[in-house]
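One-letter residues, chain by chain:
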Amino acid sequence: MAPVDVPVALLGYGTVGAAVNRFLHENAGDIERATGHRLRVVKALVRDLKKERDFPAAPGILTTDFAEIADNPKLSLVAEVMGGLDPTHKYILRLLESGKPVVTANKQLLAQRGAELFATAQEAGVQLRFEASVCAAIPVIKVLRESLVVTNVHRILGIVNGTTNYILTQMELGASYEEALAEAKHYGYAEIDPTEDVSGADAAAKMAILATVAFGSRVTLADVQFEGVEHINSAHVAAARQMDMVIRLIGQAALVDGRYDVRVSPALVDRAHPLASVEGPFNAVMLQGDAIREITLEGPGAGGIETASAVIADMVSIIGTTGAGFLHNDACWRTLDRLPAGELRSPFYMQISVDDRPGVLARVAECLASHSVSVARLVQTQVEGGATLHVVSHEATYGAIEGALEEIRGLPESREISAAFPVISQRGISELGWT
Ligand SMILES: NC(=O)c1ccc[n+]([C@@H]2O[C@H](COP(=O)([O-])OP(=O)(O)OC[C@H]3O[C@@H](n4cnc5c(N)ncnc54)[C@H](OP(=O)(O)O)[C@@H]3O)[C@@H](O)[C@H]2O)c1
């Protein structure tokens with residue numbers, strides 16, 4: 001049977017866009033066998049027609065005029081791989097309104113303006129798919145929306161930013177933060193301006209998307225508290241090693257008593273935990289749910305071909321299905337309240353520098369106790385004229401930890417609180433050693 005011809009367009013023909021076109025050329029046979037369709041890029045929007053491309057497009061494909069895509073009634077779908085909020089936002093709205101399904105890799109756009117885009121898609125009865133926006137080649141959106149539809153996923157732990165994971169694993173090998181960042185840039189794992197990655201904003205956008213899909217309630221970037229890796233130093237790495245742990249930038253989304261909490265911060269991860277072995281630019285997402293206990297998906301979380309494979313998977317899903325139903329778009333069917341900022345519970349590691357004076361330990365312990373923070377382990381190391389206290393607490397709320405640290409900061413002997421990280425471990429906290 002002759003394949004169905006499917007003309008598609010791309011917004012953007014950079015790292016990902018060119019890789020999508022290459023894949024569609026080189027794997028046309030695979031797609032045709034799987035779907036009976038032959039996808040063909042007929043237009044791709046760029047800014048500069050003269051730029052050299054990794055996989056040059058055939059003559060006449062590249063355009064700088066969005067109208068050539070928006071006004072083409074023959075297009076079956078459009079993949080947005082240009083990034084940015086504007087003009088991308090209005091382009092996607094226009095495409096959806098005109099009845100064209102859209103696939104996007106744009107996490108910031110979805111995390112900040114997803115509500116309007118998905119509402120528009122819903123109204124127009126077309127699909128807006130976004131697998132490539134989170135963890136590139138790892139099919140986590142599909143797994144959450146389709147494979148785990150009855151599972152009630154209530155917690156997600158993720159390493160969802162490859163740049164920071166690369167930096168942290170290089171620091172474990174002895175590099176300083178600056179050296180590790182320079183290396184990440186050298187190998188192409190970090191952008192020239194790495195702010196979005198190292199500040200945690202990239203991971204926060206991805207966690208907002210994952211939480212939205214998992215909990216079925218809109219979570220935006222503004223709902224995610226995030227902190228990056230800029231302040232991690234070799235003393236933090238050494239302290240983690242002492243406890244047989246590693247530092248990772250962890251995204252956490254939790255559903256607690258019908259309210260959600262989504263955050264990104266550096267965390268100490270027990271070496272025995274599956275996320276501790278995720279190294280270099282790799283990503284992993286651990287999903288915890290009623291029926292599944294836990295599933296961990298791991299793989300390359302960025303890169304042109306990796307992202308393109310997810311874009312094409314979404315294209316294939318669109319041409320292989322018809323109509324618009326529950327599984328399409330992000331399927332928000334309820335509105336949950338956000339858990340008040342301080343209420344989430346976790347064990348914590350704190351690194352507190354103090355003057356070495358009699359009674360200081362007791363005063364620190366009093367501050368912790370007055371906020372009901374119970375200490376599981378306390379190790380004191382001597383430094384020039386003072387001491388560093390390494391404190392591991394039993395589970396406490398973020399609010400209690402903040403309150404206790406505020407009080408400790410006010411002690412006359414207090415010098416600096418240089419770390420307060422949640423601890424992620426499947427072992428009991430008291431079993432964690434200090435070697
Ligand atoms: N690269 C990755 O590893 C990766 C991973 C996951 C998700 N993503 C997401 O995928 C998207 C694309 O990333 P990328 O790495 O392929 O970016 P990129 O290499 O910078 O390519 C962007 C493309 O969009 C075009 N473009 C940008 N703004 C435009 C505008 N205002 N009008 C017309 N064309 C415009 C550029 O045109 P010119 O070529 O003429 O400049 C370029 O072809 C982003 O949303 C990114 O966050 C990327």
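Residues numbered from 1 in each chain as written. Predicted model: local features only at pLDDT ≥ 70, side-chain atom pairs only at ≥ 80, totals over all residues.

1. Remarks on the overall build of the protein chain
Each helix and strand counted, the protein chain has 14 helices and 19 strands in total. Whereas a compact globule of 435 residues would reach a radius of gyration of roughly 22 Å, the protein chain reaches 24 Å, a difference of no more than 12%. In terms of overall dimensions, the protein chain has a C-alpha envelope of 85 × 45 × 35 Å along the principal axes. Residues classed as buried in the protein chain amount to 46% of the 435 residues present. When contacts within the protein chain are restricted to residue pairs at least 6 apart in sequence, long-range pairs at least 24 apart make up 76% of them. (Helix = DSSP H or I, 4+ residues; strand = E, 2+ residues; numbered from the N terminus. Rg over C-alpha atoms; globule rule 2.2 N^0.38 Å. Buried ≥ 20, exposed ≤ 12 C-beta atoms within 10 Å, placed from the backbone. Contact = placed C-beta atoms within 7 Å.)

2. Notes on the site of the ligand
G12, G14, V16, M82 and G83 are the nearest of the 24 residues found near the ligand. With three residues, helix α1 (residues 15-26) is the single largest residue contributor to the shell around the ligand. Taken together, the residues that form the shell around the ligand break down as 11 nonpolar, 10 polar and three charged. (Near = placed C-beta within 6 Å. Nonpolar A, V, L, I, M, F, W, Y, C, P; charged D, E, K, R; others polar.)

3. Things to note about the pairing of strand β10 (residues 259-270)
Most of β10 is tucked away, with 11 of its 12 residues classed as buried. With two bridges joining them, strand β8 (residues 225-226) and β10 adopt parallel strand pairing. Counted as the bridge partner of Q225 is R263 from β10. Connecting strand β9 (residues 245-256) to the next strand, β10, in antiparallel fashion are two residues, including D257 with a positive phi near 50°. Sheet topology places β10 next to strand β13 (residues 337-338); two bridges connect them, and they run parallel. Bridge assignment links Y260 to a residue of β13, and that residue is R338. In the sheet, β10 pairs with strand β19 (residues 414-424) via two bridges, with the strands oriented parallel. Note that in β19 the partner of V269 across the bridge is I424. (Pairing = 2+ DSSP bridges.)

4. A look at the environment of E191
Summarising the element assignment, E191 is placed in the loop between α8 (177-186) and α9 (195-198). Judged by local crowding, E191 falls into the partly exposed class, with 14 C-beta atoms found within 10 Å. Spatially, the C-alpha atoms of E191 and G385 are 41 Å apart, while their sequence positions differ by 194 residues.

5. Re the domain arrangement of the protein chain
Domains assigned within the protein chain are domain 1 (4-133), domain 2 (140-300) and domain 3 (345-431). Between the C-alpha centres of domain 2 and domain 3 the distance comes to 24 Å. Looking at the side of domain 2 that touches domain 3, the elements with two or more residues in it are α11 (234-242) and β10. Tallying contributions element by element places β10 first for the side of domain 2 that touches domain 3, with six residues. Across the side of domain 2 that touches domain 3, the residue classes tally to 10 nonpolar, three polar and one charged. (Domains from an automatic or database assignment.)

6. Structural notes on the packing of helix α13 (residues 360-370) against helix α14 (residues 398-409)
Contact geometry of α13 with α14 gives a least axis separation of 8 Å together with a crossing angle of 150°. With respect to α14, the axis of α13 lies roughly antiparallel. The crossing of α13 and α14 is right-handed. Residues V364, C367, L368 and S370 of α13 form the contact with α14, whose own contacting residues are A404, E407 and I408. Class assignment of the residues belonging to the contact of α13 with α14 gives a composition of five nonpolar, one polar and one charged. (Axes fitted to C-alpha atoms, helices over the stretch in contact; angles between N-to-C directions. Parallel < 35°, antiparallel > 145°, perpendicular 65-115°, else oblique. Left-handed = near helix turned anticlockwise from the far one by under 90°.)

7. Remarks on unusual backbone geometry
In this structure, the amide linkage connecting D86 to the following residue, P87, adopts the cis form with an omega of 5°. Residue placement: P87 occurs in the loop between β4 (77-80) and α4 (88-97). Not every positive phi belongs to a glycine, and D244 is a case in point at roughly 60°. Along the chain, D244 falls in the loop between α11 and β9. By C-beta crowding, D244 is classed as partly exposed, having 17 other C-beta atoms within 10 Å. Its identity is not glycine, yet R293 carries a phi of approximately 55°, on the positive side. Position of R293 relative to the elements: it lies in strand β12 (residues 293-300).

8. Considering α13
Looking at α13, one finds that the buried residues are V360, V364, C367 and L368. Buried residues of α13 fall within an arc of 95° about the axis and therefore sit on the same side. Facing away from the buried side of α13 by over 90 degrees, the exposed positions are A362, A369 and S370. Those residues of α13 hidden inside the fold are in contact with β15 (348-355), β16 (375-383), β17 (386-393) and α14. (Arc of directions from axis to C-beta.)

9. With respect to the environment of V213
If you trace the backbone, V213 turns up in helix α10 (residues 201-215). With 42 residues separating them in the primary sequence, V213 and L255 have C-alpha atoms 12 Å apart.

10. Let's talk about the sheet that holds strand β1 (residues 4-11)
Read from one edge to the other, the open sheet built from six strands follows the order β3-β2-β1-β4-β5-β6, with strand pairing classed as parallel. In this open sheet, the two strands that pair with only one neighbour each are β3 (62-63) and β6 (128-129). Note: strand β2 (residues 37-45) against β3, two bridges, orientation parallel. The residue bridging A44 from the neighbouring strand is L62, located in β3.

11. Side note on helix α5 (residues 107-124)
In a regular helix each residue adds 1.5 Å, so 18 residues correspond to 26 Å; α5 covers only 22 Å between its end C-alpha atoms and thus falls short of that length. Of all the bends in α5, the greatest, near 90°, is centred on R113. Directly beyond the C-terminal end of α5, a positive phi value near 70° is found at G125. (Expected span 1.5 Å × (residues − 1). Bend = angle between axes of the 7 residues up to and from the residue.)

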